[in-house]
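Observations on the three-dimensional arrangement
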Amino acid sequence: MNTNQDQDKLRDDMLQAMRRLAKSVSVITCSHGGQRYAMSASAVDSLSTAPPSLLICVNQSCSIYTPLSRGAPFCVNILAADQCDIARICAGKLKGEARFSEGNWHTHADGTPYLAEAQANLICEQDGHYDYGTHTIFIGRIKRVLVGGPVSPLVYVDGAYATSAALTQNLAYA
Ligand SMILES: Cc1cc2nc3c(=O)[nH]c(=O)nc-3n(C[C@H](O)[C@H](O)[C@H](O)COP(=O)(O)O)c2cc1C
């Protein structure tokens, strides 16, 4: 059995490891009971192409958790490198409806908000969830995909926002 000190060290070591796991930044959006919700998220991944599906990991203390736990469809808006302000706004700088004050937000036929200038919008119906510790994994069955512009995602690495860039040798051997 580990002591608390061991658990604290394990947590700190895990966080240090995760600083090295570069991730694209998305904003997860949904609408429920006439209210819109948005949250910045990096715990987003593809799940399968058969059927087209993805997963998101949401802390149960976040405001978007309640509508998602009630089954609201959601959109994963993959942010572009120049959308850092939106990432900050949706990570706590602003709350509630004010999170939609920046950016060109549209509404899908099912009522889900999506960001027009994002790198991509993946509009999903829920197809299962799994509670684990502080978080819940929600599985999204992809219903519609919009892709825009050249590939230039906003990245989060080592606790900071960054851009992605190809290694120069990739160009030589492309
Ligand atoms: C780059 C970045 C990625 C994040 N990824 C997630 C995530 O995947 N899941 C999550 O629950 N919170 C994530 N967060 C934290 C939430 O965005 C933040 O707690 C937000 O304020 C929660 O919304 P609320 O204030 O409406 O509760 C992330 C924050 C940042 C800055």
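As a reminder, the structure under discussion sits directly above these lines.
The notes below deal with the structure included here. In this convention, every chain numbers its residues from 1, walking through the sequence in written order. Side-chain atom pairs in this predicted model are given and counted only at pLDDT of 80 or more, local residue features only at pLDDT of at least 70, and totals for whole chains, interfaces and linings cover all residues.

**Things to note about the nonpolar core**
- The biggest cluster of nonpolar side chains holds 33 residues, and the ones touching the most others in it are Val27, Ile28, Met39 and Leu79.
- Listing elements by their share of this core, those giving two or more residues are β2 (26-32), β3 (35-41), β5 (52-59), β6 (74-78), α3 (84-93), β8 (113-115), β9 (120-132) and β11 (154-157).
- In this description, any two residues whose backbone-derived C-beta atoms lie within 7 Å of each other are considered to be in contact. With near-sequence residues (within four places) excluded, Ile28 lies in contact with Met39, Ala41, Ile56, Ile64, Phe74 and Val76. Put simply, a nonpolar core is a cluster of buried Ala, Val, Leu, Ile, Met, Phe, Trp, Tyr and Cys residues tied together by C-beta atoms within 7 Å. Here a residue counts as buried when 20 or more other C-beta atoms fall within 10 Å of its C-beta, as exposed when 12 or fewer do, and as partly exposed in between; the C-beta atoms come from the backbone. Put simply, DSSP marks the helices as runs of H or I at least four residues long and the strands as runs of E at least two long, and each gets a number from the N terminus on.

**Side note on helix α1 (residues 4-18)**
- An expected span of 1.5 Å times one less than the residue number is assigned to each helix. An ideal rise of 1.5 Å per residue puts 21 Å on 15 residues; α1 measures up with 21 Å between its terminal C-alpha atoms.
- Where burial is concerned, little of α1 is hidden: zero out of the 15 residues are buried.

**What to know about the site of the ligand**
- Placing the C-beta atom from the backbone, one calls a residue near a molecule or strand if that atom lies within 6 Å of it. Around the ligand sit 14 residues in total, of which Ala41, Ala43, Asn59, Ser63 and Gly92 are the nearest.
- If you list the elements that add at least two residues to the shell around the ligand, you get β3, β5 and α3.
- Classifying every residue of the shell around the ligand gives nine nonpolar, five polar and no charged. Side-chain classes are defined by residue name, with Ala, Val, Leu, Ile, Met, Phe, Trp, Tyr, Cys and Pro counting as nonpolar, Asp, Glu, Lys and Arg as charged, and the others, Gly among them, as polar.

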